[in-house]
Amino acid sequence: MKAGVVHCRCSKCYSVPARKRVRKRTPGLSLLSLPEEIVLYVLQCLSAEDLLSVRAVHSQLRDVVDNHSSVWARVSFRDTWPSPSTLWLFERAAEKGNFEAAVKLGIAYLYNEGPLLSDEGRADVCGRKASHFFSLAESLRSPTADPFIWVFIRPPWSPTGSCCKAVVFDRLKAECDDNVVGRGPLLHCLARVLQLFEDERRSDAVSLLEESSQAGCLQSSYLLWEHRRKAAMADPGRFLQCVRTLRDYAGKGCWEAQLSLAKVCISGNPLGLEAKACSDLVSQLFTSSSPSLCLLMIRWTLLRYILVDWLVEVTTMKDFSSLTLHVTVSCVDRYLALRSVPKARLQLLGIACMVVCTRYISKEILTIREAVWLTDNTYKYEDLVRMMGEVVSVLWGRIRNPSLLDYGEVLLALVPLERRSSHLFSYICELSLLYSALASPPPARLACAALLLTRALHHHAPLWPTLLADHTGFSKEDLVPLCVLLYVNCFSQDVPKDHRHVCLTGVKQRFEDENFQQISREKVMDFKELCQILEVPEVEPQVELQVEPPSPAGQPTDLHTFLASPSSTSKRRRDDSMQTHRGSFVATPTAELSNQEETLLGEILDWSLDTSCSGYEGDQEESEEEKDGDASMTSINLQPLSSADQRLENCRAQSSDEDSFCEADGKVKDDQGQENLTFSTDLHSSGYSSVQSVSPSSSSSLMLLVPMQRPRGSKQVKRKNVAAHSGGEVEEERSANAGFLSL
């Protein structure tokens, strides 16, 4: 515009620009813009590593993570183990109430796996820290839950006085004396440990149970009831009061008390109830059985079949009870329902569950070294220890669940069977463990179906008496579909085969023993005749064992790797980065051998009881010749450890899980150096070749590494791990237990 020129306001000289519509931008949504409750929920679902990464993104997220203990209490440590770099993270989460972190820290310090500590006072330091985190883990569980930490500190203990388990026991006892609140579960654990000794310490267990019961521990009250039951049966008045006390425990949710109350009512009805009320009480036990967890995470049922078949062979070789096997498979299924496991670690999961369950149930435990040896050294010692921590933390310490055998005891007490029929019932129950399709129904219903099938196969009449229908709440029509499914799965001719095309028949071989009257060799009626007895149409359901899509070679992908028990030529080498104090160990079962193995070896094994070293001492690393040699020809090295090796081995773990002890003087040497034992290999055995029963009538491959021998004429002693046959409980709602209180 030129200076001095004035324009008018006409439309020609001046026009107002049209207003443009500006589109407002919507603010971007981020994690910071969400409500704090939703942010907390998202953070609780993260793993520990992801949580640290999110914490470093923004100051607001850092404040949320640091100021809310619920985030640390719910953070996941899946497939993560305490190490020097992550130890602070585990300890912080454990102090904030994280059960998984507390359990893993307790096990890591107990077995010296993970945190690095100096050699000086290692047992005392590890014991103090392990007792703290074990106590913390026990306090984070429900008050009605069965205490579990005694499983890890149960005997055998090292007689040298440097046992980490003994330190944990003493620290827990001191904590019970100082802390009145929450001492009930800890006193229960101390009592369970003392019950396993055979000396004067065993008598102190009753007083600890009484203190634990007064502190409110329901499981201690039930154990006291079992202890006083025999004395009360002599007096009718005392026995009546004893049964009333049992009814109170059953009403509070103790599943073992409910099971015992059902057996008592079946045997004599001491409460004087009407017949209908008595049958309703027992039927409530069966109808309240909850379905098992859905096994959606088990994609390949064939792999589970192979694993359970191998666990059956381990149970037979070690002479464990059927209850131990059932509880082990239950732990495997419950873990697989919550966590996915690679095929390469499925065998590790199975043997880890068996190690935990034998400590909980069996008189003779399966030691960690022996368990590693049973896998043919496919896994290392620390692999098994860490898998035990994974299993216990995922299951929240609930090792024992109501099993098929528990309900079977009630059924057989209600309608007893002859001996051969009872063996058939047990045979069907173990066959049902092999199939994942039979792991979903409630165990009470499955037990009734197994009994119905047993009575049908042995032509019992009536097939399902009115007494069973009244006391179980299940009619014959309710059980027939499951009974047919049991028959088709358990007695199908299409038995899965391993990579050698050998049928997997571990259960069948187990029940071919004379103790079971060779019930597995009995000819089973055909399906058509069974349908006629059950009065159902002959429609046979299909049995499906899912396998992976076949590879171009015609075999399922990676199936050979899982099926094959690793041979000595393919054993995994030890990592060079392994800690130096873990360099001299061998995963060899030097603790407990079966009676068959002792008969076979005779005087080769010398079980010398010595008090100079811990239970882990005396083991050696396998030589390279042994790793590269033939599996059927095993060298036995009898070279003693040097003093330096003994010191390193003692640093490995001060807690004793083994029963083998080396010589006190450490000067015994073998002039020959090694012996050779040759066994023929049975190619028709089932499952893994490294787990085969040894008997005079059957030849199989056996790999053994024996401890040092004492001179001839020395007294041979074999230690026994004696434990009471124990069980667990199931937490139930108040409404489900109201019937026990009202009777």
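The name an unreviewed UniProt entry assigns to the protein is Cyclin-F, from the organism Acanthochromis polyacanthus. UniProt's Function (unreviewed entry) comment on the protein is quoted here verbatim: "Essential for the control of the cell cycle at the G2/M (mitosis) transition." Check the Subunit (unreviewed entry) section of the UniProt entry for the protein; it says "Interacts with the CDK1 protein kinase to form a serine/threonine kinase holoenzyme complex also known as maturation promoting factor (MPF). The cyclin subunit imparts substrate specificity to the complex."

Draft legend 1. Quick look at the pattern of salt bridges. Overall, the coordinates contain 21 salt bridges when judged by the stated rule. With a shortest N-O distance of 3.6 Å, Arg183 and Glu211 are connected by a salt bridge. One end of the pair, Arg183, is in helix H10 (residues 183-194); the other, Glu211, is in helix H11 (residues 204-214), with 28 residues separating them in the sequence. Exposure remark for Arg183: the relative accessible area of 18% places this residue in the buried category. Each of Glu100, Lys104, Arg339 and Glu390 takes part in salt bridges that share partners, so that together they form one network.

Draft legend 2. Fine view of the packing of aromatic side chains. The full count for this structure, using the stated rule, is 17 aromatic pairs. Geometrically, the ring pair formed by Phe99 and Trp396 is stacked, given 4.4 Å between the ring centres and 10 degrees between the ring planes. On the criterion of sequence distance, the pair formed by Phe99 in helix H6 (residues 99-110) and Trp396 in the loop between helix H20 (381-394) and helix H21 (404-414) is long-range, its members being 297 residues apart. For Phe99, a relative accessible area of 1% corresponds to the buried category. A residue is classified by how much of its surface remains accessible, and Trp396, at 46% relative accessible area, is partly exposed. Arranged with centres 6.0 Å apart and planes meeting at 70 degrees, the rings of Trp255 and Tyr407 form a pair that is edge-to-face. Remark: Tyr407 occurs in helix H21 and Trp255 occurs in helix H14 (residues 255-267); sequence separation between them is 152 residues.

Draft legend 3. Focus on helix H18 (residues 346-360). For H18, built from 15 residues, the straight-helix expectation of 21 Å at 1.5 Å per residue is met to within 8% by its first-to-last C-alpha distance of 21 Å. Where burial is concerned, most of H18 is hidden: 15 out of the 15 residues are buried.

Draft legend 4. How the structure looks around the state of the cysteines. In total, this model carries zero disulfides according to the counting rule given. The thiol sulfur of Cys331 is not disulfide-bonded, and the nearest other cysteine sulfur, from Cys357, lies at 3.7 Å.

Draft legend 5. Highlighting a nonpolar patch on the surface. Taken together, the side chains of Leu34, Ile38, Tyr41 and Val42 present a nonpolar region at the surface, about 360 Å² in accessible area. Position of Val42 among the secondary structure elements: in helix H1 (residues 36-44).

Draft legend 6. Structural view of unusual backbone geometry. A cis amide bond links Pro155 with the next residue in sequence, Pro156, at an omega value of 15 degrees. Mapped onto the secondary structure, Pro156 falls in the loop between helix H8 (150-153) and helix H9 (164-178). Even without being glycine, Asp79 reaches a positive phi, approximately 55 degrees. With respect to the helices and strands, the residue Asp79 is situated in the loop between helix H4 (69-74) and helix H5 (87-95). Here the phi dihedral of Asn112 falls at roughly 55 degrees; this positive angle occurs in a residue that is not glycine.

Draft legend 7. Summary view of the confidence of the model for the protein. Per-residue confidence for the protein gives a mean pLDDT of 75; residues scoring 70 or more make up 67%. Per-residue pLDDT, averaged within each element of the protein, yields its smallest value for strand E1 (residues 633-637) (34) and its largest for H18 (96). Taken together, the stretch residues 563-655 has pLDDT below 50 and engages in 268 contacts with residues farther than four places along the chain or on a different chain. Here residues 738-743 is modelled with pLDDT under 50, and outside its nearest four sequence neighbours on either side it reaches 14 contacts, counting other chains as well.

Draft legend 8. Molecular detail of the environment of Thr358. Assignment of secondary structure puts Thr358 in helix H18. With a relative accessible area of 0%, Thr358 lands in the buried category. Each C-alpha atom, one on Thr358 and one on Leu323, is 9.8 Å from the other, the two residues being 35 residues apart in sequence.

Draft legend 9. Broad picture of the packing of helix H25 (residues 476-490) against helix H27 (residues 527-534). Where H25 meets H27, the closest approach of the two axes is 11 Å, and the angle between their N-to-C directions is 170 degrees. As summarised for this structure, H25 and H27 are arranged roughly antiparallel, according to the angle between their axes. Note on element contacts: H27 touches H25 through Phe527, Leu530, Ile533 and Leu534, opposite Lys476, Val480, Cys483, Val484, Tyr487 and Val488. Residue classes in the contact of H25 with H27 are distributed as nine nonpolar, no polar and one charged.

Draft legend 10. A look at the environment of Gly253. Topologically, Gly253 is positioned in the loop between helix H13 (236-251) and H14. Given a relative accessible area of 7%, Gly253 falls into the buried group. Along the backbone, Gly253 and Leu218 are 35 residues apart, and their C-alpha atoms lie at a distance of 8.7 Å.

Draft legend 11. Broad picture of the packing of helix H16 (residues 301-318) against H18. With their axes 10 Å apart at the nearest point, H16 and H18 run at an angle of 40 degrees to one another. Classified by the angle their axes make, H16 and H18 are oblique. Our pair here, H16 against H18, has a crossing hand that is right-handed. Counting all contacts with H16, which are made through Leu303, Leu307, Trp310, Leu311, Val314 and Thr315, the residues of H18 involved are Leu346, Gln347, Gly350, Ile351 and Met354. Here the residues of the contact of H16 with H18 sort into eight nonpolar, three polar and no charged.

Thresholds applied
Residues numbered from 1 in each chain as written. Predicted model: local features only at pLDDT ≥ 70, side-chain atom pairs only at ≥ 80, totals over all residues. Heavy atoms only, no water. UniProt positions renumbered as here; feature names shortened; annotations may be inferred. Salt bridge = Lys/Arg side-chain N within 4 Å of Asp/Glu carboxyl O. Helix = DSSP H or I, 4+ residues; strand = E, 2+ residues; numbered from the N terminus. Buried < 20%, exposed > 50% of the residue type's maximum accessible area, 1.4 Å probe, protein only. Phe/Tyr/Trp six-rings, centres within 6.5 Å; stacked < 30°, edge-to-face > 60°. Expected span 1.5 Å × (residues − 1). Disulfide = S-S within 2.5 Å. Patch = residues over 30% accessible without salt bridge, like charges linked within 9 Å, V, L, I, M, F, W, Y side chains within 5 Å. Areas by Shrake-Rupley, 256 points an atom, 1.4 Å probe, with all protein chains shown as cover. pLDDT = per-residue confidence, 0-100. Contact = heavy atoms within 4.5 Å. Axes fitted to C-alpha atoms, helices over the stretch in contact; angles between N-to-C directions. Parallel < 35°, antiparallel > 145°, perpendicular 65-115°, else oblique. Nonpolar A, V, L, I, M, F, W, Y, C, P; charged D, E, K, R; others polar. Left-handed = near helix turned anticlockwise from the far one by under 90°.

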